[in-house]
Amino acid sequence: PTGSAIINVEDSGENTIVVDPGANHILTNEQVRASRKLIESADVLLLQLECPLDRVRFASEIAQEANVRIVVSPSPWSESFARSGIVYDYLIMNETEAESFLGLPSHQLKTWNPDPPGLASLVVTRGSRSTLYAKPGEPIDEVPAMAVTPVDTVGAGDSFAGAIAVALAEGLSLPGSIQFASTAGALAAL
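Since the model is a prediction, treat every value here as computed from it, not as a measurement. (Residues numbered from 1 in each chain as written. Predicted model: local features only at pLDDT ≥ 70, side-chain atom pairs only at ≥ 80, totals over all residues. Heavy atoms only, no water.)

Chemist: Just to check I follow, could you spell out the overall build of the protein for this structure?
Modeler: Within the protein, the secondary structure is distributed over 6 helices and 8 strands. From first element to last, N terminus to C terminus, the protein shows the α and β order β-β-α-α-β-α-β-β-α-β-β-β-α-α. For 190 residues, the compact-globule formula gives about 16 Å, and the C-alpha radius of gyration of the protein, at 16 Å, lands near that figure. Burial analysis of the protein (190 residues in total) assigns 36% to the buried set. For the protein, the proportion of contacts with a sequence separation of at least 24, taken over those separated by at least 6, is 50%. (Helix = DSSP H or I, 4+ residues; strand = E, 2+ residues; numbered from the N terminus. Rg over C-alpha atoms; globule rule 2.2 N^0.38 Å. Buried < 20%, exposed > 50% of the residue type's maximum accessible area, 1.4 Å probe, protein only. Contact = heavy atoms within 4.5 Å.)

Chemist: Whenever I open this one, the pattern of salt bridges confuses me. Can you help?
Modeler: A side chain with one charge may pair with a side chain of the opposite charge, provided their charged atoms come close. A full pass over the atoms with the stated rule returns 6 salt bridges. Taking the shortest distance from any N to any O, the salt bridge between glutamate 40 and arginine 36 comes out at 3.4 Å. Within this pair, glutamate 40 and its partner arginine 36 are both found in helix α2 (residues 36-40), separated by 4 residues, close to a single helical turn. The class for glutamate 40 is partly exposed, based on a relative accessible area of 34%. Note that glutamate 142 is salt-bridged to arginine 126, the shortest N-O span being 3.9 Å. Of the two residues, glutamate 142 is situated in strand β8 (residues 141-143) and arginine 126 in strand β6 (residues 121-126); the sequence distance between them amounts to 16 residues. For glutamate 142, a relative accessible area of 33% translates into the label partly exposed. With relative accessibility at 10%, the residue arginine 126 sits in the buried group. In this structure, a network of salt bridges that share partners links the residues Arg36, Glu40 and Glu65. (Salt bridge = Lys/Arg side-chain N within 4 Å of Asp/Glu carboxyl O.)

See below:
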């Protein structure tokens, strides 16, 4: 069966999602390999964790070999992501995912030293608050979020991830890409 999700939305617009992956979890390496030419011809490859981690890793390796920029939004979050071997140039996480991945509370994210091994650029979304970003060796910076009154935040994170991939492919800087993506995510919540 096709994957499905049950989404509960609070009056505030925040949501909780329960996922049944269905067909996503029977994706094979052969099917990924069949998409090699498409992956190799891309400007940016956007990956999430709705398929088995080893398939996501395989797709990231194809892209890396072809010098295709890789954006990973590790959602739905899995503690095993850090050990998965998935390669990326940009990692987009929400606060909860970043806390788990980096091992520190969200209130310390703004002062975190962005130099963990293997990390390229980190983007941390924080809902209605500014989006944090860091490149190794550079201090944490932030891009203001677009102010909206959310109706339903389902899809806002996916919209953000898709928009940042498009903006990077179009040649925008990382802060410019985040601004574009923040706007898309905010509009998706209306």
